[in-house]
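Here is what each chain is made of, one letter per residue.
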Amino acid sequence: MNANRTAELSIRLTEFEVPPVQDFLVIGKRAPIGIEAFTKMVEFISPNQYKAIRLNHEKFEGIIIRKNFINLMDEELLVSAILIEVDAISDESSIFKGSLNIVLNIKKEIEI
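Here the structure is a predicted model, which is why all the values come from computation and not from measurement. (Residues numbered from 1 in each chain as written. Predicted model: local features only at pLDDT ≥ 70, side-chain atom pairs only at ≥ 80, totals over all residues. Heavy atoms only, no water.)

Undergrad: Looking at this structure, I do not really get the environment of Ile95. What am I missing?
TA: As for its placement among the helices and strands, Ile95 is situated in strand β5 (residues 95-109). What makes Ile95 buried here is its relative accessible area of 8%. (Helix = DSSP H or I, 4+ residues; strand = E, 2+ residues; numbered from the N terminus. Buried < 20%, exposed > 50% of the residue type's maximum accessible area, 1.4 Å probe, protein only.)

Undergrad: Help me understand helix α1 (residues 35-45) in this model?
TA: What sets the pattern is the α-helix's 3.6 residues per turn: residues three or four places apart point alike. Here α1 has its buried residues at Ile35, Phe38 and Val42. Across the axial projection of α1, the buried residues extend over an arc of 60 degrees, all falling on one side. Of the exposed residues in α1, the ones pointing more than 90 degrees away from its buried face are Lys40 and Phe44. Close packing links the buried residues of α1 with β2 (24-28), β3 (50-54), β4 (60-66) and β5. (Arc of directions from axis to C-beta. Contact = heavy atoms within 4.5 Å.)

Undergrad: What exactly am I supposed to notice about the nonpolar core here?
TA: Nonpolar side chains in soluble globular proteins tend to end up buried together. Within the largest apolar cluster, 18 residues are counted, with the highest numbers of intra-cluster contacts made by Val26, Ile63, Ile65, Leu78 and Ile82. Counting residues per element, the ones that place at least two in this core are β2, β4, α2 (67-72), α3 (75-87) and β5. Among the elements that line this core, the one with the most residues is α3, at 5 residues. Within the second largest apolar cluster, 10 residues are counted, among which are Ile27, Ala31, Ile35 and Ile64. (Core = buried A, V, L, I, M, F, W, Y, C linked by side-chain atoms within 4.5 Å.)

Following this line, the structure appears as structure tokens:
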């Protein structure tokens, strides 16, 4: 039996506005509000729906992302894909919210 799996990512970025979270937030190191404050707010508004991830990155303090996306694919791969795109258009004071659409493509061969 052969199995091929691929993932297709569609990322949409916008400047921060209210409501403060869609599918993820990327928080710059010099943003007016840090990851701790966002984590508390998000947990109050939507308990157990998001995960806050502290980053070791030159521009970004952290990312807050819906837990269900992390269940679909590897957390490190997902965060890396998002950061590559946000890094290209932002600075340390930025806060970006984004929507994310993951489409899993699964192809299997079975003997009949």
